[in-house]
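# Summary of the model geometry
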Amino acid sequence: MVHIVTVPMLTGVSTTIADEARCPCGTGLTFAECCGPILRDVRPAPTAESLMRSRFTAFAVGDKRHLLRSWHPDTRPHELDLDDDLDWVRLDVESVTGGGPFDSSGTVGFVAHYRTPAGRGNMHELSSFTRVDGRWVYVDGVVKN
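Residues numbered from 1 in each chain as written. Predicted model: local features only at pLDDT ≥ 70, side-chain atom pairs only at ≥ 80, totals over all residues. Heavy atoms only, no water.

The name an unreviewed UniProt entry assigns to the chain is YchJ-like middle NTF2-like domain-containing protein, from the organism Gordonia otitidis.

Put into structure tokens, the structure is as follows:
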């Protein structure tokens, strides 16, 4: 039996991902085993890396609600516009510092690969995370060229 998860968006549009489908974040796990429960706010991300992966998945499916909810209140934008012509296709985590179950902060270095009508590209970023009320949140990131 195939279960389909509807991910609600702030725009009122939704994207569906089958629970049995591979998670877009690249762990090799299914969506139901990986980012699905985090995007649905069923469980919090246990580490900074898992929050980073869930945020990549949210970008891949257009889940603005999760992106804003998982952003630090001091650095979160009031609104978020996502580029409909940009498809996030792969995530490579390159480094993790701190961000574990017993840490209060951490960083995750990654390369996010995308496709646009003009071709393929990638973005290298070192993202910072901290805990707010016991939950991991994204603080900011430094994009590397």
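Looking now at the side chain of H66. Note that H66 resides in helix α3 (residues 64-69). According to the relative accessible area criterion, H66 is buried, its value standing at 2%. Residues contacting H66, with those up to four places away along its chain left out, are I38, L39, L51, S54, R55 and A58. (Helix = DSSP H or I, 4+ residues; strand = E, 2+ residues; numbered from the N terminus. Buried < 20%, exposed > 50% of the residue type's maximum accessible area, 1.4 Å probe, protein only. Contact = heavy atoms within 4.5 Å.)

Quick look at the sheet that holds strand β5 (residues 119-132) now. Read from one edge of the open sheet, four strands run β3-β4-β5-β6, paired in antiparallel fashion. Two strands bound the open sheet, and with one partner strand each, they are β3 (87-98) and β6 (135-144). With direction set aside, neighbouring strand axes in the sheet form an average angle of 30°. Note that β3 and strand β4 (residues 105-116) share 10 bridges and pair antiparallel. Among the inter-strand pairings, V96 is bridged to a residue of β4, identified as V108. (Pairing = 2+ DSSP bridges. Axes fitted to C-alpha atoms, helices over the stretch in contact; angles between N-to-C directions.)

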